[in-house]
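Notes for the structure review
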Amino acid sequence: MQLGIKRQRAAAGGQSRASESFLRQQRFVNDVSHELRTPLTIIRGYVDILERYGAQDPELFQEAVTAIKNSAQNMQSLVESLLFLARADQGRQPLTPVPVDLDDMLITFVKDYNSPRVNITKLEPCKIMADAEFLKKMFAAFLDNALRYSPPDTSVEVELTATDSTATLKFIDRGIGIAKDEREKIFERFYRSDKSRTKLDSGENSVGLGLSVAKWIADRHNITIDVQSKPGAGSTFALTIPTI
Ligand code: ADP
């Protein structure tokens, strides 16, 4: 009798897990289709226009080429993030951690990132164990957002401080900020706040996966991420990184 109940419960648990995973899969397909629809609609629309009038009107031609290029870039970055997360989910994303001088790496990274709006305002020496390529991908996700969600005349500060056991790396912007109830959700796949959706124009490259990728990389390095933000005033993403 006992066993019967246990089996029933186990079967019910299995069923609810199966339907949960089905729902997750459904939502995922829905999200991906939705994200692909906008750039595809833009591309089709401009191709139709080009076919009809394009070659005669140089201004229209340029507008179409720019829109098609941006849309293709959006789709490419969506597919790259999806492939990254698929490999991560399947355990096929191997990391090779080596000792890294984080201060030196940060200087090179910011130089290569090449934005006049990004400044390193504090820099203390520290060494960590990390896969530098993954780390750069994560830093880029925070910087892309900090720049994207703040006015073009503001700058983004990068601060690195260190104690004996941890380094703290902050990305500080003076942008639109993130409401309190959204701070947990921003790391979910495909999540974008309504505010950020309306702020972006169709040319901007946002699919709602950057922070999911960043979080996966942070977790693999035992890095914790703390988000402080004040809507309308700006956000700070603070990473706590174990040092060696
Ligand atoms: P996206 O490609 O939309 O930027 P992310 O996963 O990188 O996707 O970020 C998810 C959402 O988190 C963004 O759409 C935005 O709403 C919010 N967000 C992330 N970083 C910031 C920031 N620095 N300032 C304001 N909002 C942010």
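In the block above lies the structure referred to throughout.
Now for a quick tour of the structure.

Reading guide: rules and limits
Residues numbered from 1 in each chain as written. Predicted model: local features only at pLDDT ≥ 70, side-chain atom pairs only at ≥ 80, totals over all residues. Heavy atoms only, no water. Pairing = 2+ DSSP bridges. Helix = DSSP H or I, 4+ residues; strand = E, 2+ residues; numbered from the N terminus. Axes fitted to C-alpha atoms, helices over the stretch in contact; angles between N-to-C directions. Expected span 1.5 Å × (residues − 1). Buried < 20%, exposed > 50% of the residue type's maximum accessible area, 1.4 Å probe, protein only. Polar contact = N/O pair within 3.5 Å; in protein donor to acceptor, adjacent residues only side chain to side chain. Left-handed = near helix turned anticlockwise from the far one by under 90°. Contact = heavy atoms within 4.5 Å. Nonpolar A, V, L, I, M, F, W, Y, C, P; charged D, E, K, R; others polar.

**Remarks on the sheet that holds strand β2 (residues 118-123)**
Sheets are built from strands paired through backbone hydrogen bonds, the pairs being either parallel or antiparallel. As summarised here, the arrangement of the 5 strands in space is β2-β4-β5-β7-β6, forming an open sheet in which the pairing is mixed. Where the open sheet ends on each side, the last strands, each with one partner, are β2 and β6 (224-230). Each neighbouring strand pair of the sheet contributes to a mean axis angle of 15 degrees, computed without reference to strand direction. Sheet topology note: the strand β4 (residues 156-162)/strand β5 (residues 166-172) ladder contains 6 bridges and is antiparallel. If you follow Glu-159 over to β5, its bridge partner there is Lys-170.

**Regarding helix α2 (residues 58-89)**
Note that an α-helix has 3.6 residues per turn; residues three or four places apart therefore point the same way. Taking 1.5 Å of rise per residue, the 32 residues of α2 would be expected to cover 46 Å, and the 46 Å separating its terminal C-alpha atoms lies within 8% of that figure. For α2, the complete set of buried residues consists of Leu-60, Ala-64, Ala-67, Ser-71, Asn-74, Met-75, Leu-78, Ser-81, Leu-82, Phe-84, Leu-85 and Ala-88. For α2, the N-terminal cap is Asp-57; the gap from its side-chain oxygen to the backbone nitrogen of Glu-59 is 3.1 Å. Of the residues one or two after α2, Gly-91 is the one with positive phi, at around 70 degrees.

**Some words on the packing of helix α4 (residues 132-148) against helix α6 (residues 210-220)**
Between α4 and α6, the least distance of the axes is 9 Å, while the angle of their chain directions is 140 degrees. Crossing geometry of α4 relative to α6 is assigned as left-handed. Residues Phe-134, Leu-135, Lys-137, Met-138, Ala-141, Phe-142 and Asn-145 of α4 lie in contact with α6, whose contacting residues are Gly-210, Leu-211, Val-213, Ala-214, Trp-216, Ile-217 and Ala-218. Across the contact of α4 with α6, the residue classes break down as 11 nonpolar, 2 polar and 1 charged.

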